[in-house]
Structures are given as C-alpha cells and as structure tokens.
Amino acid sequence: MAADLSDVRFLTVAEVAEMMRVSKMTVYRLVHAGELPAIRFGRSFRVPESAVAEAVDRHIADSA
C-alpha cells in the first residue's frame, strides 16, 4: 500500500482552487458534497492531483 501512495501527488485546497480557477470555498463545497475526493489531515484537506483531473474531465463530459 505504501508503494502505491508514493506515486500520488496531493494538493492543498488553495492549489486546487488555482488549478481550477475557482475560489477555495468552491473547492470546499465540492469536497463536502463528495464530488471531489479528499483526505483530511488535521484541520486541512489534501486532494489527489488525479482526482482534480477526473473531476474536470467529468464536468467537461457532462457539459458537452
């Protein structure tokens, strides 16, 4: 399991917001709604970079 996690890059909420060009509050809403998977570390969240790409791809597919 540890070998699998070494390949995962985790992003902060601020980094996700910058990548998606949305506010941090929007990212928090996506996380709490279950639309964007995240791991909680203490009081902060970390989002797998691959999950951000999948969420964007899914939104683009739904819009088309």
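What you see is a predicted model; the values in this text were computed from it and never measured. (Residues numbered from 1 in each chain as written. Predicted model: local features only at pLDDT ≥ 70, side-chain atom pairs only at ≥ 80, totals over all residues. Heavy atoms only, no water.)

**Q** Got a minute to help me understand the overall build of the chain in this structure?
**A** Across its full length, the chain carries 4 helices and 3 strands. Along the chain, from the amino end to the carboxyl end, the secondary structure elements read α-β-α-α-β-β-α. Structurally, the chain occupies a C-alpha span of about 40 × 25 × 20 Å along its principal axes. A burial count over the chain gives 22% of its 64 residues as buried. Considering only contacts within the chain whose residues lie at least 6 apart along the sequence, 40% involve residues at least 24 apart. Accessible area of the chain: about 4,800 Å², with a carbon and sulfur share of 54%. (Helix = DSSP H or I, 4+ residues; strand = E, 2+ residues; numbered from the N terminus. Buried < 20%, exposed > 50% of the residue type's maximum accessible area, 1.4 Å probe, protein only. Contact = heavy atoms within 4.5 Å. Areas by Shrake-Rupley, 256 points an atom, 1.4 Å probe, with all protein chains shown as cover.)

**Q** Explain the packing of aromatic side chains to me, please; I cannot follow it from the model alone.
**A** The geometry of two aromatic rings is summed up by the distance between their centres and the angle between their planes. Throughout the structure, instances matching the rule amount to 1 aromatic pair. Ring centres of tyrosine 28 and phenylalanine 45 lie 6.1 Å apart, and the angle between their planes is 65 degrees; on these two criteria the pair is classed as edge-to-face. Of the two residues, tyrosine 28 sits in helix α3 (residues 24-32) while phenylalanine 45 sits in strand β3 (residues 44-48), which places them 17 residues apart along the sequence. Residue classification places tyrosine 28 among the partly exposed residues on the basis of a relative accessible area of 29%. (Phe/Tyr/Trp six-rings, centres within 6.5 Å; stacked < 30°, edge-to-face > 60°.)

**Q** Any chance you could explain the environment of valine 52 here in plain terms?
**A** Relative to the elements of secondary structure, valine 52 occurs in helix α4 (residues 49-63). C-alpha separation for the pair valine 52 and methionine 20, spaced 32 residues apart in sequence, amounts to 8.2 Å.

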